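What follows is the residue order along each chain.
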Amino acid sequence: NALHDEQVGGNRDAVAALRSFMEKEGLSIEFSNGGGVDDESFLDACPLEAFAAVKSDLLSVFILAHQDATDPEFKTVSDINKLGKGKLEEAKANVRKKIKVAYDCRRNPNILLNNTDYDALAATTSIEAITEDVGMNQDTLQSLRDDDANLPHLRLCSEEIAEGYCSHEGDYFPGSSEELGWLGHFAKKSTRLQNLILVGSDIFKNCSKYSVDRFFEDLGRCNHIKNMQISTDLEVVAKLGPAMKNNDITDFIAEGSYMGCSEVDSLFKTLGEIQSLEKLIMKGAFGGDGSLGGYIPSLAACTGMRILKLKDMGIRTHSCAALRSILPRMDALLELDLGGNSINDNCVEDLVSGLAECNNLLSLRLISNWLFDDGFDMLIQGLPASVSLLNVSDNQIALARQLPLLKFKELYLPGNKICSGGPQVIAASLANPECRLEYLYLSQCNIGDEETATLADGLRNNQRLTRMSLGDNDITERGWNAFSSILCDTSSINATYNSNHTLQSLGIYRIPQYVRLMLRPNKEKNKSNVAANKILQAHRHLDMRPLFGRELGLLPYVVAWLEHFAKSRPDLKLSSIFEFVRAMPMKVTDGVVGKAKGEKRKLNS
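So, here's what we can say about the structure. (Residues numbered from 1 in each chain as written. Predicted model: local features only at pLDDT ≥ 70, side-chain atom pairs only at ≥ 80, totals over all residues. Heavy atoms only, no water.)

Quick look at the overall build of the protein now. Looking only at helices and strands, one finds 30 helices and 13 strands in the protein. The buried share among the 605 residues of the protein stands at 47%. Look at the contacts in the protein between residues 6 or more apart in sequence, and 73% of them connect residues 24 or more apart. Split by element, the accessible area of the protein, about 30,000 Å² in all, is 49% carbon and sulfur. (Helix = DSSP H or I, 4+ residues; strand = E, 2+ residues; numbered from the N terminus. Buried < 20%, exposed > 50% of the residue type's maximum accessible area, 1.4 Å probe, protein only. Contact = heavy atoms within 4.5 Å. Areas by Shrake-Rupley, 256 points an atom, 1.4 Å probe, with all protein chains shown as cover.)

What follows is the structure, encoded as structure tokens:
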């Protein structure tokens, strides 16, 4: 109470100082309410010049409830005008919002002192009384209050996002400190809230610093949050520590929050204390390779990590050395993504060494780094056998020497300028019976017609690859036609039967329609049907002569095959039987006569 009385007195003194300045400078105020001489009306209309000029300790009381160490000092009007059109009005609005918060605190000291008894008020306070937002905010508060199992998440968003596309249940833009207090209270009480998302800047611009701190304290008392996703201001990220540790979160995603060294350091220390962490995704956090290399060892305690993605973070030598020391502890690791960094061939040696014992690892993504053939070779030779997907798109790989591309099921090479001999390296692997490749992505790889023909030839006997993406290359009709004889060789029935019945796609972008039609039959799972249909479509007449060596022994099988696959082609069935009859008429006659002689005739009674 003494603190409150002191602040009220400070308010009066500060208002007096502002009024004195206005009179001295001959400045007048136009009150929006048509009059109003009370302090609150005066402050609402007071021009920024007055606030900028009265730089006394008294003025600080008006912004006490919303001030923190990162706020800049008030600028003069001329300084603000230099920032561009609209900045002065924005500055005025920001100052008045701070003053409004201070007056809220003056009218209700409990807001400032965090003494609101929400439990006592909950029974008599309606959702409509808490927030004026009829849609989004009220729905979210109601779901939290009811502990609704269908609430998908609590997503705190900025005003800009809220006015744009943020309109789903679980979304919230705090309109005041009081609203935020209730939101934290309901979140703390919830037993079903598992997903927390913070997106956008200035989420808490209408709230006091004290109410924001109280909100994050309440989140720390909620023991059911498992997933956190943030893309917001640095100071907000720094407040998440207790909530992260007390909830034993499993998934943490920070994308678009460009953090400096102190924020990254604090965040990694917190993450290192969360042994329950299974999924960590960070993108765009700035720390620099040297600094980040010092933070990464904090993750050594996260032995249950299953998905680790550190993207666009400047990872290079020091960070890879640090990863080498912690990766062997992550026995459960399934996915590792280090895309958008500065990893070169020298770094790969550390990565491969660290991953050697990760026998559950399924995928490694190193998109947009600085890998050349040497680094690619180390990955091929050194990664554990469990890795089925390798994505090295947008690097510097040329395939200028023979490399075995056999061990992976999915290999992504888009954006690498493969040399003229590179397709032969790929074709050699595709022709190898030990090749495990099922998906091969080669878009934007400097591939022309000759290279396409080489790749097609490698698929002649391949029975595994189902997709080879060749879009966005320099391939003309001549190059695409190279797949015709591979997919359906019409030179003989045997050749058609032995064609490629596995390849189903050559990409999406800039693939001719007739090429898609050639691939369509291969999408059927029963490859016997695929082969039979291709034979029937490619051969209007079936040459039976290769079957005559066993006389009539194969004729029943021919008839059965035609019955099964060529029901709509009775002409083909008849012509095939006729070939047998014409080639060995006596055999047919003897068979029929012999059968007739062996039958007993029944007498009519």
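Let's shift gears to the packing of helix α27 (residues 527–538) against helix α28 (residues 555–565). Between α27 and α28, the least distance of the axes is 11 Å, while the angle of their chain directions is 95°. Compared by their axis directions, α27 and α28 come out roughly perpendicular. Where α27 approaches α28, its residues S528, N529, A532, I535 and L536 are matched on the opposing element by W561, H564 and F565. Looking at the contact of α27 with α28 residue by residue, the classes come out as five nonpolar, three polar and no charged. (Axes fitted to C-alpha atoms, helices over the stretch in contact; angles between N-to-C directions. Parallel < 35°, antiparallel > 145°, perpendicular 65-115°, else oblique. Nonpolar A, V, L, I, M, F, W, Y, C, P; charged D, E, K, R; others polar.)

Counting 117 residues, the largest nonpolar core has F204, F252, F376, L442 and M468 as its most contacted members. Setting aside its immediate chain neighbours within four residues, L442 contacts L413, I418, I426, I447, L455, M468, S469, L470 and N473. Membership of the second largest hydrophobic core comes to 10 residues, among which are I535, L542, A566 and L572. (Core = buried A, V, L, I, M, F, W, Y, C linked by side-chain atoms within 4.5 Å.)

Another aspect to go through is the pattern of salt bridges. Within this structure, the stated rule accounts for 15 salt bridges. Close ionic contact of E159 with K205 constitutes a salt bridge, the shortest N to O distance being 2.7 Å. Of this pair, E159 sits in helix α11 (residues 159–164) while K205 is found in the loop between β3 (195–199) and α13 (209–221), placing the two residues 46 residues apart along the sequence. By relative accessible area, E159 is classed as partly exposed at 27%. For R401, the salt bridge goes to D377, with nearest N and O atoms at 3.3 Å. Of the two residues, R401 sits in the loop between β10 (389–391) and β11 (410–412) while D377 sits in helix α20 (residues 373–382), which places them 24 residues apart along the sequence. A relative accessible area of 34% places R401 in the partly exposed class. What makes D377 buried here is its relative accessible area of 19%. Through salt bridges with shared partners, a single ionic network connects K188, R214, D218 and R221. (Salt bridge = Lys/Arg side-chain N within 4 Å of Asp/Glu carboxyl O.)

Moving on: helix α21 (residues 422–431). Most of α21 sits out of view: seven of its 10 residues are buried. Along α21, the residues classified as buried are G422, P423, V425, I426, A427, S429 and L430.

Attention now moves to helix α19 (residues 345–355). Of all 11 residues making up α19, eight are buried, and the element is well covered by its neighbours. For α19, the complete set of buried residues consists of D345, C347, V348, D350, L351, V352, G354 and L355. Looking at the buried residues of α19, the elements they touch are α18 (317–326), β8 (335–337), β9 (363–365) and α20. Of the residues that open α19, the one with a side-chain oxygen 3.1 Å from the backbone nitrogen of N346 is N344. (Polar contact = N/O pair within 3.5 Å; in protein donor to acceptor, adjacent residues only side chain to side chain.)

A few words on the packing of aromatic side chains. Counting across every chain of the model gives seven aromatic pairs. With a centroid separation of 4.2 Å and an interplanar angle of 5°, the aromatic rings of Y412 and Y441 are classed as stacked. Of this pair, Y412 sits in strand β11 while Y441 sits in strand β12 (residues 439–441), placing them 29 residues apart in sequence. Its relative accessible area of 18% is what places Y412 among the buried residues. Its relative accessible area of 16% is what places Y441 among the buried residues. By the ring-pair criterion, three or more aromatic residues cluster together here, those being Y118, W182 and F186. (Phe/Tyr/Trp six-rings, centres within 6.5 Å; stacked < 30°, edge-to-face > 60°.)

Our next topic: the side chain of E451. Within the secondary structure, E451 is located in helix α22 (residues 449–458). Within the buried set, E451 has no salt-bridge partner at all; the shortest N-O distance to an opposite charge, 8.0 Å, is to R478. Setting aside residues no more than four positions away along its own chain, E451 makes contact with S420 and P423. (Lys, Arg positive; Asp, Glu negative; His and termini not counted.)

The next thing to look at is the packing of helix α10 (residues 136–145) against helix α12 (residues 177–189). Relative orientation of the contacting elements α10 and α12 amounts to 30°, with a least axis distance of 8 Å. Crossing of α10 over α12 shows left-handed handedness. Where α10 approaches α12, its residues N137, L141, L144 and R145 are matched on the opposing element by E179, L183, F186 and A187. Of the residues in the contact of α10 with α12, the class split is five nonpolar, one polar and two charged. (Left-handed = near helix turned anticlockwise from the far one by under 90°.)

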